[in-house]
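Examination of the molecular architecture
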Amino acid sequence: MAAIEMSATGSRGSHAERRRSTRARAFAAAIECLHEAGYAGASMVAVTRRAGLSRGALAKQFLTKADLYAALVEQLLDEMREDTLAYVRTFPPGLPRAMARIDYLWTLYKEPRAFAFLEVMLGSRADPELSERLEKVGESRNLVEKQLLSLEFDDMGIVDRRAAGLAGIQMLATVRGLALERLLNKNDDLLDAAFARQRRQLEDSYRALMSD
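Residues numbered from 1 in each chain as written. Predicted model: local features only at pLDDT ≥ 70, side-chain atom pairs only at ≥ 80, totals over all residues. Heavy atoms only, no water.

**Points about the confidence of the model for the chain**
With 93% of its residues at a pLDDT of 70 or more, the chain shows a mean pLDDT of 89. Per-element confidence in the chain ranges from a low mean pLDDT of 78 for helix α1 (residues 2-41) to a high of 95 for helix α5 (residues 95-108). (pLDDT = per-residue confidence, 0-100. Helix = DSSP H or I, 4+ residues; strand = E, 2+ residues; numbered from the N terminus.)

Here it is, written out as structure tokens:
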């Protein structure tokens, strides 16, 4: 009886490991496909070939292309949030930590995973199923982000949350826009200068709101 239980436990463990391995290989391959061919060209077939998986193995994890890329976006957002939190915790609470988060955000959007995120978001405009899935992912992740921002504003002593939030949205839009611009403009120094300009405006806005 004990041997049977151990065998069952081992089987479940092996299955979970295979599942994690398949997802990791699929996500890595999907990111590479997005870089090379964009969302339209990053098909399920392309991902299986790049990952070295069978179609059946991928289909057990993701029934449709929308399933795959919604799951990828969910994981990317979680990874980037956790990486950001780990980084900013090394800075004092308040304005230094808030600006460190913005600096790290700009660093993240130079990475392949952030580019992949943007490619999927752009591709969702022509994929209703993916758009619907991403909307649900966005709702849950936005709730977490709002809670984190609320704590950040508390640390800075900011009362006007709406004004601070709008300033943050403007900064995020700038970062994402500059990340897309990098596809056409290879002048990193120029793009870094554009980011620094908007960063100064955000810091000035925060300082003004802190003094209110």
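Moving on from the coordinates now.
**Quick notes on the environment of Ala51**
Residue position: Ala51 is located in helix α2 (residues 44-51). When the C-alpha atoms of Ala51 and Thr64 are compared, they prove to be 16 Å apart, with 13 residues separating the residues in sequence. Each residue touching Ala51, except ones within four places of it in the same chain, is listed here: Arg25, Ala26 and Ala29. (Contact = heavy atoms within 4.5 Å.)

**Points about the environment of Glu181**
Its location among the elements puts Glu181 in helix α8 (residues 161-181). Separated by 149 residues in sequence, Glu181 and Glu32 place their C-alpha atoms 19 Å apart.

**A look at a nonpolar patch on the surface**
Residues Leu122, Leu180, Leu183 and Leu184 make up a contiguous nonpolar surface patch of roughly 370 Å² in combined accessible area. The class of Leu183 is partly exposed, set by a relative accessible area of 41%. (Patch = residues over 30% accessible without salt bridge, like charges linked within 9 Å, V, L, I, M, F, W, Y side chains within 5 Å. Areas by Shrake-Rupley, 256 points an atom, 1.4 Å probe, with all protein chains shown as cover. Salt bridge = Lys/Arg side-chain N within 4 Å of Asp/Glu carboxyl O. Buried < 20%, exposed > 50% of the residue type's maximum accessible area, 1.4 Å probe, protein only.)

**Topic: the packing of aromatic side chains**
In the structure shown here, the tally under the stated rule is six aromatic pairs. Between Trp106 and Phe195, the aromatic rings sit 5.1 Å apart at their centres with planes inclined by 10°, giving stacked as the arrangement. Separated by 89 residues along the polypeptide, Trp106 in helix α5 and Phe195 in helix α9 (residues 188-211) bring together distant segments of the chain. An angle of 65° between the planes, with centres 6.2 Å apart, marks the rings of Phe153 and Tyr206 as edge-to-face. Here the residue Phe153 occupies a position in helix α7 (residues 128-156), and Tyr206 occupies one in helix α9, the gap between them amounting to 53 residues. A connected cluster of aromatic rings, assembled from ring pairs, spans Tyr87, Phe91 and Tyr104. The positively charged end of Lys65 is found above the aromatic ring belonging to Tyr39, 3.9 Å away from the centroid. (Phe/Tyr/Trp six-rings, centres within 6.5 Å; stacked < 30°, edge-to-face > 60°. Lys NZ or Arg CZ within 6 Å of the ring centre and 35° of its normal.)

**A word on α8**
In a regular helix each residue adds 1.5 Å, so 21 residues correspond to 30 Å; α8 covers 30 Å between its end C-alpha atoms and thus fits that length. Those residues of α8 not exposed but buried are Ala164, Ala167, Met171, Val175, Leu178 and Ala179. For α8, the arc enclosing every buried residue in end-on projection is 115°, short of the 170-degree limit, so these residues lie on one face. Along α8, exposed side chains directed more than 90 degrees from the buried face belong to Arg162 and Ile169. In this structure, the buried residues of α8 make contact with α5, α6 (112-123), α7 and α9. (Expected span 1.5 Å × (residues − 1). Arc of directions from axis to C-beta.)

**Thoughts on a negative patch on the surface**
Together, Glu129, Glu132, Glu135 and Glu139 give the surface a local cluster of negative charge. Tracing the sequence through the fold places Glu129 in helix α7. (Lys, Arg positive; Asp, Glu negative; His and termini not counted. Charge placed at Lys NZ, Arg CZ, Asp CG, Glu CD.)

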